[in-house]
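# Fold and contact review
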Amino acid sequence: MSILIYKTENELMEKAIQAEGKSFKELDRKGRLTNQKSKGGLGQIIEESFFGYKVNSNAKPDFEELEIELKVTPFKVNKNGQLSSKERLVLNIINYVEEVNFDFDNSSFWKKNKKLLLMLYKWLPKIDRADYIIYKSMLFTFPDSDLEIIKKDWELIVTKIRQGKAHELSEGDTNYLGACTKGANKSSLRTQPYSDTPAMQRAFSLKQSYMTTLVRKFLKNEELVSFAKNEELHSKTLEEILYERFSPYIGLSDEEMANKLGERYNKKSKSFIPSLISSLLGIKGTRLEKIEEFAKANIQFKTIRLEPNDVPKESMSFENIDFHQWVEESWEESELREKFITTKFLFVIFQYNENKSQNPERKLYFKGINLWNMPLSTIDNEVREVWNEANRLLTVGLNIEYKKRGEKIIESNNLPKVGFNGVAHIRPKGKDGNDKTTLPNGQVITKQCFWLNNKYVAEVINESMNQ
DNA sequence: GCATGATCATGC
DNA sequence: GCATGATCATGC
């Protein structure tokens, strides 16, 4: 059903702006807040009570004549005061069988989501959702450069369906437009056209990282710096542009790279490699968090230093583990799973020319980059096994032992070790012997963190280098 | 040489 | 003071 009372964008926006400052309780005229617990509930209140049209699951935009789709979505205030989108913005469900027959201009995504009327409300912890307040209503159209990236994202998603891999689609596969799973549980399965394997239902979505940049831009006027030129994006993917920018430096030592880029050679500085990266992207001095494409696509950089035998000496560490959180979450909603699903890693790969025992002053040479996200099957198998095993031990209690080694007391535990499954393990990471944490069952242990095995990282790198 | 635990250095 | 990235040290 279309709404003819809004004949122009201006009329619609005049109305939409009237919701600013109002709570959902004030706007709800149909008692949805009290009767229903469905997650789409807040959006439905706006549709029904505020704009006065019936909730539908139409393939056309909500305001059809204006080609505008309504989206009601939350943002939050972080501990440091920065704003973030609370969630990814879930758009229309992907019909695997049909989407492969379209080109981008005729795709279900583009037909429905060309223009978005975004109504941002502020999410607060432990507050009744009836009291959430609409902060800002705005009409959003995709900037040209974003649209180029989104087109390629859409094409990648469709290509994967055409390869019979709809069930392997992961949000990290793409940059701004994702294919996120959407369904109550594993029983929300759909058929796909080029494989007999049923695939979880998925929807097109704008990544949470993409939405966060919108929130910061429109509520705080925060601007980012982009490295890709509009013209380049017509013909190349973001990945291709990145590889192109880095390739002139392959084979140089880190010192030669710094010289060529006019950067100070200071390998001890934590910002040395980040400075090289922004310089070589043509935006010298920009902090990596302020790079538009990295922020929107949630691209996180990691330096890798390979030994002469092509394996990094050390495993790759991540954040400290909050075990209280681990035991409370289900795997499906766990922060660990979410992290690997939503993060793309930019591996900046160097290699030592000699072993340290041969020459302590050995040099480091730039070998290339790899833009990588963990395959969904690895996340849901090996990473999950580590998570499961840790959670099992947290329930039954860890074996924590103390042994004397010379003057020192060494603490050890039975959390999954590097030999556990070839992908990941858990290991201590404290700043000294007193850097402890308390487990949910009261046990006290040195702070632990999640690691990707050095050999697994080596496999990932070697695969990418041989492509 | 590898596995495992310990701890350093930097930056906010 | 703490998080994060990086690396060290010991024992098998």
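Look a little higher up for the structure.
Quick caveat: nothing in here was measured; it's all calculated off a predicted structure.

## Remarks on the pattern of salt bridges
Using the criterion set out here, one finds 24 salt bridges in the structure. In this structure, the salt-bridge partner of Glu171 is Arg88, at a minimum N-O distance of 2.5 Å. Of this pair, Glu171 sits in the loop between helix H7 (144-162) and strand E6 (177-181) while Arg88 sits in the loop between strand E2 (83-85) and strand E3 (89-93), placing them 83 residues apart in sequence. Looking at Glu171, the relative accessible area reads 2%, which means it is buried. Each of Arg88, Glu171 and Glu338 takes part in salt bridges that share partners, so that together they form one network.

## What about the protein's contact with DNA strand B?
By nearness alone, 19 residues border DNA strand B, and Lys408, Glu411, Val418, Arg427 and Gly430 come closest of all. Per the 4 Å cut-off to the protein, sugar and phosphate atoms form 71% of the nearby atoms of DNA strand B. A distance of 2.9 Å separates a phosphate oxygen of DNA strand B from a polar backbone atom of Glu411. In this structure, a phosphate oxygen belonging to DNA strand B sits 3.1 Å away from a main-chain N or O atom of Gly433.

## What to know about the environment of Val158
Turning to its location among the elements, Val158 is positioned in helix H7. Between the alpha carbons of Val158 and Asp103 there is a distance of 9.4 Å; along the sequence they are 55 residues apart. Not counting the four nearest positions on each side in its chain, Val158 is found in contact with Glu99 and Val100.

## Let's talk about the protein's contact with DNA strand C
Near DNA strand C there are 14 residues, and of these Lys270, Glu314, Lys356, Arg405 and Lys447 occur at the shortest range. Among the atoms of DNA strand C close to the protein, meaning within 4 Å, 57% are from sugar or phosphate groups. One nitrogen or oxygen atom from the side chain of Arg305 is found 3.5 Å from a phosphate oxygen belonging to DNA strand C. Lys447 is positioned such that a nitrogen or oxygen atom in its side chain is 3.1 Å from a phosphate oxygen of DNA strand C. Of the residues assigned to the surface near DNA strand C, the class counts are 1 nonpolar, 3 polar and 10 charged.

## Some remarks on unusual backbone geometry
The backbone phi angle of Lys126 is positive, close to 60°, even though this residue is not glycine. For Lys126, the position within the fold is in the loop between strand E4 (115-122) and strand E5 (133-141).

## Details of the sheet that holds strand E13 (residues 364-372)
Sheet architecture is open: 3 strands sit in the order E10-E12-E13, paired in mixed fashion. The open sheet has two edge strands, strand E10 (299-306) and E13, and neither has a second partner. Looking at each pair of strands side by side, their axes are set apart by 20° on average, direction ignored. Summarising the sheet, strand E12 (residues 344-352) and E13 pair through 8 bridges and their orientation is antiparallel. Within E13, the position partnered with Phe347 by the bridge is Asn370. Strand contacts of helix H10 (residues 238-246): E12 and E13, with the helix running at about 175° to E13, the strand carrying the most contacts. On the sheet, helix H17 (residues 454-465) packs against E10, E12 and E13 and is oriented at approximately 90° with respect to E13.

## Quick word on helix H15 (residues 335-342)
One turn of the α-helix equals 3.6 residues, which is why residues spaced by three or four share an orientation. The buried count for H15 comes to 6 of 8 residues, which makes it a mostly enclosed element. Every buried residue belonging to H15 is among Leu336, Arg337, Lys339, Phe340, Ile341 and Thr342, and all of these are buried.

## So, the side chain of Arg362
Summarising the element assignment, Arg362 is placed in the loop between E12 and E13. Only 3.0 Å separates the side chain of Arg362 from the side chain of Glu307, close enough to count as a polar contact. A distance of 3.1 Å separates a polar side-chain atom of Arg362 from the backbone oxygen of Glu354. Excluding residues within four positions of it along the chain, Arg362 makes contact with Glu307, Tyr352, Asn353, Glu354, Asn355 and Lys356.

## Quick notes on the packing of aromatic side chains
Applying the stated rule across the entire model yields 32 aromatic pairs. When the centroid spacing of 5.4 Å and the interplanar angle of 35° are considered together, the rings of Phe104 and Trp110 count as tilted. Each member of the pair, Phe104 as well as Trp110, is classed as buried. One aromatic cluster is present, formed by Phe104, Phe109, Trp110, Phe140, Phe142, Trp154, Phe204 and Phe218 through successive ring pairs. Its guanidinium or amino end placed over the ring of Tyr249, Lys260 lies 5.0 Å from that ring's centre, counting from NZ or CZ. If you follow Lys302 out to its NZ or CZ, it ends over the ring of Phe318, 4.3 Å from the centre.

## Side note on the nonpolar core
Grouped burial of nonpolar side chains is what soluble globular proteins tend to show. Ranked by internal contacts, the top residues of the largest apolar core, which has 66 residues, are Phe109, Phe142, Leu206, Phe227, Phe246, Leu281 and Phe294. The element best represented in this core is H7, accounting for 7 residues. In this structure Phe294 touches Phe227, Leu242, Ile277, Leu281, Leu288, Ile299 and Leu346, once residues within four positions along its chain are discounted. One finds Phe318, Leu376, Val457 and Val460 within the second-largest nonpolar core, a separate group that totals 38 residues.

## Structural notes on helix H1 (residues 9-17)
Taken as a whole, H1 has its buried residues at Leu12, Met13 and Ala16. Looking down the long axis of H1, one finds its buried residues gathered within 95° of arc, a one-sided arrangement. The outward face of H1, more than 90 degrees from its buried face, is lined by the exposed residues Asn10 and Glu14. Buried-residue contacts for H1 involve helix H4 (41-50), strand E1 (68-77), E4 and E5.

## Some points on the sheet that holds E3
Read across the open sheet, the 3 strands follow the order E3-E9-E6; overall the sheet is antiparallel. The open sheet has two free edges, formed respectively by E3 and E6, since each of these has just one partner strand. If you compare each strand with its neighbour and ignore which way they point, the axes differ by 40° on average. Pairing analysis gives 5 bridges linking E6 to strand E9 (residues 202-206), with the strands arranged antiparallel. Directly across from Thr181, in E9, lies its bridge partner Arg202.

Criteria and cut-off values
Every chain's residues receive numbers from 1 upward, in the order its sequence appears when written. Chain letters start at A and ligand numbers start at 1, both assigned in the order the entries are written. Residues qualify for local features only when their pLDDT is at least 70, as the model is predicted, and side-chain atom pairs are given and counted only at 80 or more; totals for whole chains, interfaces and linings, by contrast, use all residues. Excluding hydrogens and water, the side-chain values take into account all heavy atoms of the structure. Whenever Lys or Arg places a side-chain nitrogen within 4 Å of a carboxyl oxygen from Asp or Glu, that contact is recorded as a salt bridge. Only runs of H or I of at least four residues qualify as helices and only runs of E of at least two qualify as strands under DSSP, and these elements are numbered from the N terminus. The buried label applies to any residue whose accessible area, calculated with a 1.4 Å probe on protein chains only, is under 20% of its type's maximum; exposed applies above 50%, and partly exposed to all values in between. Being near a molecule or strand, for a residue, comes down to having at least one heavy atom within 4 Å of it. Pairs of N or O atoms are called polar contacts if they sit within 3.5 Å, as long as, within protein, a hydrogen donor faces a hydrogen acceptor (for residues adjacent in sequence, only side-chain-to-side-chain pairs). Contacts are assigned to residue pairs that have any heavy atoms within 4.5 Å of one another. Residue classes follow a fixed rule: Ala, Val, Leu, Ile, Met, Phe, Trp, Tyr, Cys and Pro count as nonpolar, while Asp, Glu, Lys and Arg count as charged, and any other residue, Gly among them, counts as polar. Two strands pair if DSSP finds at least two bridges between them. The convention used is that axes are lines fitted to C-alpha atoms, helices contributing only their stretch in contact, and that angles between N-to-C directions extend from 0 to 180 degrees. Aromatic pairing here means that ring centres of Phe, Tyr or Trp (its six-membered ring) are within 6.5 Å. Orientation follows from the plane angle: under 30 degrees is stacked, over 60 is edge-to-face, and everything else is tilted. Two conditions define a charge sitting above a ring: the NZ of Lys or the CZ of Arg must be within 6 Å of the ring centre, and it must be within 35 degrees of the ring normal. Side-chain atoms within 4.5 Å are what join buried Ala, Val, Leu, Ile, Met, Phe, Trp, Tyr and Cys residues into a set we call a nonpolar core. Read the arc as the range of directions from the helix axis to the C-beta atoms.

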